Amino acid sequence: MSTSCATVRTECLNSVGNRLAVPARINHFRGKCELNRRNFALNGIVAAGASVMTPSVVAEPSKGLDKLPFKPEGYNYWTWRGHKIHYVVEGEGFPVVLIHGFGASAFHWRYNIPELAKKYKVYAVDLIGFGWSEKALIDYDALVWRDQVVDFLKEIVKEPAVLVGNSLGGFTALVAAASLTDQVKGVSLLNSAGQFGDASSAAKETEETALQKLILKPLKEIFQRVFLGFLFWQAKQPARIESVLKSVYKDSSNVDDYLIDSITRPADDPNAGEVYYRLMTRFMSNQRKYTLDSVLRQLSCPLLLLWGDLDPWVGPAKANRIKEFYPNTTVVNLQAGHCPHDEVPELVNKALLDWLSTTVTPASEV
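Here, residues in each chain are numbered from 1, in the same order as that chain's written sequence. For this predicted model, a pLDDT threshold of at least 70 governs which residues receive local features, and a threshold of 80 or more governs which side-chain atom pairs are given and counted, while totals over whole chains, interfaces and linings are taken from all residues. Hydrogens and water are ignored here; the side-chain numbers use all heavy atoms of the structure.

Moving on, we come to the overall build of the protein chain. Starting at the N terminus, helices and strands are each numbered in turn, a helix being any DSSP run of H or I of at least four residues and a strand any DSSP run of E of at least two. Looking only at helices and strands, the protein chain has twelve helices and eight strands in total. Looking at the protein chain as a whole, 58% of its 366 residues are labelled buried. Accessible surface for the protein chain amounts to roughly 14700 Å². Of this, 51% is attributable to carbon and sulfur atoms. Relative accessibility thresholds used throughout: buried, under 20% of the residue-type maximum; exposed, over 50%; partly exposed, between the two (1.4 Å probe, protein chains only). In these tables, accessible area is a Shrake-Rupley quantity obtained with a 1.4 Å probe, and a residue counts as shielded only by the protein chains included in the view.

So this is what it looks like as structure tokens:
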């Protein structure tokens, strides 16, 4: 399937989701952290994992790093509510759970898992509807992914852990941590999705008229299916994905077969198009029900923000606002775009390991 970096970089969700399409069509929000829905649909399926980078940014740190071996069949599978969920696990020690962004998969943490696994037990899970997890035909909502991560912690990890999430995965990590305050000992966000509440702009619910319900709504749904179906087909073409990735990675050597395969394979699933449609029409329309301020009020653990300051969708102003709202926050600013873990993985790995060393005690050091 498809924004927050791997099946369609819809990774720039600014509420609860994530990003990417053609640079010429990118809407730079003029300092606002809110995703234009039409732009999101256009960005919807092309290069999850690639972020826009200015000429001054060089992705050299990824060179020479160990990389998670790409397995077309995936790694491990877990049955959750009757659905097949993919995850990777490596290393020993205190658990660290990595949660990808919109359109991505566990393979988007390719440069992070091997390094973190030298000191910790690292899990990377594919959210339902994405990556190698089942493209289930369900109603997608932020709480579905929250529940999945909460149950993953209870049934697979089975002990206290730290959550790390990019874009949509960042917001998912937050809501999961707020639900499991005893088990989650820390959260790290990389250019997280989610937005602060704005009472003045809250939409007023109106009662549907017979005309809207019987005529206008069905017509709208037909148009959406045709339009979004075309966008999905166009955006998942390998040549298109490669072209977009090369236009947004400063160092095009990172645009390799590994990255392209991790995007195209999930998008070929028979249900991928329908999942994409449901995400665009149902999940996106309900994003504003969940706000960062409401979730942060429930959080009680340390928070680390690893922020790509060159992200055209979620700039550093958002990280600063999170820190103001939640003082128990450490901010590390990086010269990277929306997915710093794949753009400057060496810097992300170091910052994350430094923070983890003060937040949890690796089992090897007990």
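With that settled, consider the pattern of salt bridges. What counts as a salt bridge is simple: a side-chain nitrogen of Lys or Arg found within 4 Å of a carboxyl oxygen of Asp or Glu. Using the criterion set out here, one finds seven salt bridges in the structure. A salt bridge links E115 to K118; its shortest N-O distance comes to 3.0 Å. Taken together, the shared-partner salt bridges connect R81, R146 and D147 into one network.

Moving on, we come to the packing of helix α3 (residues 142–157) against helix α4 (residues 168–179). Two quantities define a packed helix pair, namely the angle between the axes and the distance from one axis to the other. Every axis in this analysis is a line fitted to C-alpha atoms, fitted for helices over the stretch in contact. Angles between the N-to-C directions lie between 0 and 180 degrees. Where α3 meets α4, the axes come as close as 8 Å, and the angle between the chain directions of the two elements is 65°. Along this stretch, α3 crosses α4, giving a crossing that reads as right-handed. In contact with A142, W145, R146, V149 and V150 of α3, α4 contributes L168, F171, T172, V175, A176 and S179. Along the lines of polarity and charge, the residues of the contact of α3 with α4 split into eight nonpolar, two polar and one charged. Left-handed describes a crossing whose near helix is turned anticlockwise from the far helix by less than a right angle; the clockwise case is right-handed. Contact criterion: two residues are considered in contact whenever any of their non-hydrogen atoms come within 4.5 Å of each other. Side-chain classes are defined by residue name, with Ala, Val, Leu, Ile, Met, Phe, Trp, Tyr, Cys and Pro counting as nonpolar, Asp, Glu, Lys and Arg as charged, and the others, Gly among them, as polar.

Moving on: the confidence of the model for the protein chain. For the protein chain, per-residue confidence averages 75 on the pLDDT scale, and 64% of positions sit at 70 or higher. Looking at any residue, its pLDDT shows the predictor's confidence there, from 0 to 100. Per-residue pLDDT stays below 50 along residues 1–61; that stretch engages in 304 contacts with residues further than four places along the chain or on separate chains. Under a pLDDT of 50 for its full length, residues 362–366 has, in the predicted model, five contacts with residues more than four places off or in other chains.

Residue position: H83 is located in strand β2 (residues 83–90). In contact with H83, not counting residues within four places along its chain, are W78, I128, E134, A136 and I138.

To continue, consider the environment of A176. If you trace the backbone, A176 turns up in helix α4. Along the chain, A176 and L153 lie 23 residues apart, while their C-alpha atoms are 9.4 Å from each other. Excluding anything up to four places from it in sequence, A176 contacts R146, V149, V150 and L163.

Okay, the sheet that holds β2 next. In this description, strands pair whenever DSSP reports at least two bridges between them. Taken in spatial order, the eight strands line up as β1-β2-β4-β3-β5-β6-β7-β8 in an open sheet, and their pairing is mixed. Where the open sheet ends on each side, the last strands, each with one partner, are β1 (76–80) and β8 (329–334). Here the strands of the sheet are splayed against their neighbours by 20° on average, with no regard to which way each runs. Most of the contacts of α4 go to strand β5 (residues 161–166), to which it runs at about 150°, and overall it touches β3 (95–99), β5, β6 (184–190) and β7 (303–308). Strands in contact with helix α12 (residues 345–359) are β3, β5, β6, β7 and β8; relative to β7, the strand with the most contacts, it is inclined by about 170°.

A word on helix α7 (residues 257–267). Within α7, eight of the eleven residues are buried, leaving the element largely enclosed by the surrounding structure. Taken together, the buried positions of α7 are Y258, L259, I260, S262, I263, T264, P266 and A267.

Below, the discussion takes up the packing of aromatic side chains. When two rings of Phe, Tyr or Trp (its six-membered ring) have centres within 6.5 Å they constitute a pair, described as stacked for plane angles under 30 degrees, edge-to-face for angles over 60, and tilted for the intermediate range. Applying the stated criterion to the full structure yields twelve aromatic pairs. Centroid distance F70 to F107: 4.9 Å. Interplanar angle 45°. Geometry classified as tilted. You can see F70 sitting in the loop between α1 (37–43) and β1 and its partner F107 sitting in the loop between β3 and α2 (113–116), a full 37 residues away along the chain. According to the relative accessible area criterion, F107 is buried, its value standing at 1%. The lysine or arginine in question, K84, covers the ring of Y77, its NZ or CZ lying 4.4 Å from the ring centre. In this scheme, Lys NZ or Arg CZ marks a charge over a ring once it lies within 6 Å of the ring centre and within 35 degrees of the ring normal.

As a further point, take the nonpolar core. Core analysis: the biggest nonpolar cluster contains 56 residues, and V97, L153, L163, L174, V187, L296 and L303 have the highest contact counts within it. For L163, the residues in contact, after removing those within four places along its chain, are V97, V149, L153, A173, A176, A177, V184, G186, V187 and S188. What makes a nonpolar core is a set of buried Ala, Val, Leu, Ile, Met, Phe, Trp, Tyr and Cys residues whose side-chain atoms join them at distances within 4.5 Å. The next biggest cluster of nonpolar side chains, apart from the first, holds 32 residues, and it includes V88, V122, A336 and V360.

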